[in-house]
Amino acid sequence: MENDELVQNMLLELRRGVLSIAVLSQLSREEYGYSLLKALSEKGMEIDQSTLYPLLRRLESQGLLQSDWRIMDESRPRRYYVISTQGRAVLGKLKREWSAMSQTMNQMLSL
Amino acid sequence: MNLIDKYIAEVGKHLPRRNRSDIEAEIRSTLEDMLDERKQTDGPADDATVLALLKEYGSPRQVAATYKTHQYLIGPRLFSTFEMVLRIVFAVVFGVSLLGLVIALMRSDLTGPAFVIAMTEWIGGLITALIAAFGNIVIVFAIIERTQAVESIEKEFSDWDPKELQSEPSPDQIDRADHIASIVFTVIALAIFNLYPDVLAIRYQSDGAWVSLPVLTDAFFRFLPWINVMALIQIAFSGFMLGQRDWIPVTRSFGILVDIASMVLAVAILRTPGILGITPQTLSAIGNAEAAEALSRVINFVPLLIITIVVVATVIKVGKSAFRLLSGRSKSPYPIVR
């Protein structure tokens, strides 16, 4: 169906903006990439690893996340990410915007 | 080297050098985590399990591409400017190339093979020039995209002032392009008639020697003083109008007089018998007499055709100008409520 592709593209655009907020919100405690992927999936936010890892790097380069390589309970080294002070401030603003926006949209869509 | 090592080495080939080892380590860590999870649910992993995992993770080139910040040469912020510059440059390249072709054809002998060669060379040269222009513009924009220059362009867009918007063009507003074109073409015509009349000739080979058959005769060139006077008036008038903003009744009236005078002169010249040097007699010297007769009949029809075109074009131009002079009506399609 022609509309299916259209809807898929629009959903992709919609998710692109939301994913940054979702990731920031789940990194108040340290997570490595794969555990974050699982955590997001368990909460209903499915995300592909090819989207998540570049996003983590972008958020880190913007100063919103911090990361370091560590060997925790197992012998394999993993890169752990956590939200930075700047990230917390940005997330606070984004939460307020999201709340206002979702309220407006719910009214507009009569949900 | 196991399959995961091979996969990571392949991804690494397409990664930016700066973060390569770091990204490779992270992909390895993720793949091993995913493999561990599969081992817990499906039992010990064999090559088939690893192959399925790698297939799911994506092709190495595709995975590497997601880590690149710039996936395009020219981004959406610059693309409309890029298109605009491309259009302008292509138009200029085409115009210059066309001028080159006209000069080349005027200098050539216009015989069959020479004409075909000139045209082929022109098309080849034009394509090469367009490709080179395209390449250079892409390089310049790709550099702008990757430097801070893009921010200064964006600032220019954000600093625009709505007060600079132009109002609806007035019907009395002077179109400068018209006057510039008029001056350029009149100067070219003056130069050809006065300095290079030989250009207006048909050249052919007869008994191994080149013979030149002038298109216009002395009967035409007797009008040259009049043509020169009219051309100088036209140039002076267009030059004066370039300095003006709007048409006013005096300039409109003078413009109408110049147009009518030019039309009268053109009709007088074209109705004069024997202005064309191409007659059955001169053409028969080239070869086939019957063909020459037919060709000369066609060529002698040309003045009548030109008279018709000149008269119709002048009547339309003068009519429009006179209408504006007399009515001064607005071009707006909507009624103006006062």
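Remember, predicted model here, so these are calculated numbers, not experimental data.

Scoring rules and cut-offs
Residues numbered from 1 in each chain as written. Chains lettered and ligands numbered in written order. Predicted model: local features only at pLDDT ≥ 70, side-chain atom pairs only at ≥ 80, totals over all residues. Heavy atoms only, no water. Helix = DSSP H or I, 4+ residues; strand = E, 2+ residues; numbered from the N terminus. Contact = heavy atoms within 4.5 Å. Areas by Shrake-Rupley, 256 points an atom, 1.4 Å probe, with all protein chains shown as cover. pLDDT = per-residue confidence, 0-100. Buried area = accessible area lost by both parts, 1.4 Å probe. Salt bridge = Lys/Arg side-chain N within 4 Å of Asp/Glu carboxyl O. Polar contact = N/O pair within 3.5 Å; in protein donor to acceptor, adjacent residues only side chain to side chain. 1 Å grid on protein atoms, 1.4 Å probe; cavity = no way out; pocket = protein on both sides within 12 Å on 5 of 7 lines; lining within 4 Å. Points joined across faces, edges and corners; volume = space filled by probe spheres on them. Nonpolar A, V, L, I, M, F, W, Y, C, P; charged D, E, K, R; others polar. Expected span 1.5 Å × (residues − 1). Buried < 20%, exposed > 50% of the residue type's maximum accessible area, 1.4 Å probe, protein only. Axes fitted to C-alpha atoms, helices over the stretch in contact; angles between N-to-C directions. Parallel < 35°, antiparallel > 145°, perpendicular 65-115°, else oblique. Left-handed = near helix turned anticlockwise from the far one by under 90°.

## Structural notes on the overall build of chain A
Line of reasoning, step 1. Scanning chain A for helices and strands turns up four helices and three strands.
Line of reasoning, step 2. Start at the N end of chain A and walk to the C end: the helices and strands fall as α-β-α-α-β-β-α.
Line of reasoning, step 3. The long-range fraction of contacts in chain A, counting pairs at least 24 apart against all pairs at least 6 apart in sequence, stands at 47%.
Line of reasoning, step 4. Split by element, the accessible area of chain A, about 7,400 Å² in all, is 54% carbon and sulfur.

## Section: the confidence of the model for chain A
Line of reasoning, step 1. Averaged over all residues, the pLDDT of chain A is 90; the fraction at 70 or higher stands at 95%.
Line of reasoning, step 2. Element-level pLDDT for chain A is lowest in helix H1 (residues 2-25) of chain A, with a mean of 89, against a maximum mean of 95 in helix H4 (residues 85-108) of chain A.

## Notes on the interface of chain B and chain A
Line of reasoning, step 1. Contacts between the two partners involve 16 residues from chain B, matched on the other side by 15 residues from chain A.
Line of reasoning, step 2. Between chain B and chain A, a total of about 1,500 Å² is buried, with carbon and sulfur atoms accounting for 47% of that surface.
Line of reasoning, step 3. Looking only at chain B, the three residues that lose the most surface to chain A are Asp22, Glu26 and Asp33 of chain B, adding up to 35% of its buried area.
Line of reasoning, step 4. Our enumeration of links across chain B and chain A arrives at five salt bridges.
Line of reasoning, step 5. For Arg57 of chain A, the salt bridge goes to Glu26 of chain B, with nearest N and O atoms at 3.4 Å.
Line of reasoning, step 6. Applying the counting rule to chain B against chain A returns nine residue pairs in polar contact (both at pLDDT 80 or more).
Line of reasoning, step 7. For the side of chain B that touches chain A, the secondary-structure elements that each account for two or more residues are helix H2 (20-42) and helix H3 (47-57) of chain B.
Line of reasoning, step 8. Sorting elements by how many residues they give to the side of chain B that touches chain A places H2 of chain B first, with eleven residues.

## A closer look at empty space enclosed by the protein
One water molecule sets the probe size; rolling that probe over the atoms shows where empty space is left.
Line of reasoning, step 1. Inspection of the entire model under this criterion finds one cavity of 30 Å³ or more.
Line of reasoning, step 2. Empty space within the largest cavity amounts to approximately 30 Å³.
Line of reasoning, step 3. The wall of the largest cavity is formed by Tyr32, Gly33, Tyr34, Tyr53 and Arg79 of chain A together with Glu26, Ser29, Thr30 and Asp33 of chain B.
Line of reasoning, step 4. At the level of secondary structure, the elements contributing two or more residues to the lining of the largest cavity comprise helix H2 (33-42) of chain A together with H2 of chain B.

## Structural notes on the pattern of salt bridges
Line of reasoning, step 1. In this structure the tally under the stated criterion is 14 salt bridges over all chains.
Line of reasoning, step 2. The partner of Asp33 of chain B in a salt bridge is Arg78 of chain A, with the nearest N and O atoms 2.5 Å apart. In this pair, Asp33 of chain B sits in helix H2 while Arg78 of chain A sits in strand E3 (residues 78-83), so the two residues belong to two different chains.
Line of reasoning, step 3. Salt bridges here are not isolated pairs; linked through shared partners, they connect Arg57, Glu60 and Arg79 of chain A together with Asp22 and Glu26 of chain B.

## Remarks on the layout of surface pockets
Line of reasoning, step 1. One number sums up the size of the largest pocket: a volume of about 1,700 Å³.
Line of reasoning, step 2. If you trace the largest pocket, you find 50 residues lining it, with Ser182, Gln234, Asp259, Ser262 and Lys317 of chain B closest to the centre.
Line of reasoning, step 3. For the lining of the largest pocket, the elements supplying multiple residues, two or more each, are helix H8 (176-194), helix H10 (224-242), helix H11 (249-271) and helix H13 (289-327) of chain B.
Line of reasoning, step 4. Here the element with the most residues in the lining of the largest pocket is H13 of chain B; it accounts for twelve residues.
Line of reasoning, step 5. Partitioned by chemical class, the residues of the lining of the largest pocket number 29 nonpolar, twelve polar and nine charged.
Line of reasoning, step 6. Here the second largest pocket is characterised by a volume of approximately 1,100 Å³.
Line of reasoning, step 7. Contributing to the lining of the second largest pocket are 24 residues, with Pro54, Leu55 and Arg58 of chain A together with Thr66 and Lys68 of chain B lying nearest its centre.

## Regarding helix H3 (residues 49-61) of chain A
Residues and elements named next belong to chain A.
Line of reasoning, step 1. Along its 13 residues, H3 runs 18 Å from first to last C-alpha, staying within 8% of the 18 Å computed at 1.5 Å per residue.
Line of reasoning, step 2. For H3, every residue scored as buried is listed here: Gln49, Leu52, Tyr53, Pro54, Leu55, Leu56, Arg57 and Leu59.
Line of reasoning, step 3. Of the residues one or two after H3, Gly63 is the one with positive phi, at around 85 degrees.

## Details of the packing of H10 of chain B against H11 of chain B
All names here are of chain B.
Line of reasoning, step 1. Contact pair H10 / H11: the axes reach a minimum separation of 11 Å and the direction vectors enclose 155 degrees. One finds that H10 runs roughly antiparallel with respect to H11. At the point where H10 passes H11, the crossing takes the left-handed sense. Here H10 contributes Trp226, Ile227, Met230, Ile233, Gln234, Phe237, Phe240 and Met241 to the contact with H11, which in turn contributes Thr251, Phe254, Gly255, Val258, Ala261, Ser262, Leu265 and Ile269.
Line of reasoning, step 2. Looking at side-chain class alone, the contact of H10 with H11 contains twelve nonpolar, four polar and no charged residues.

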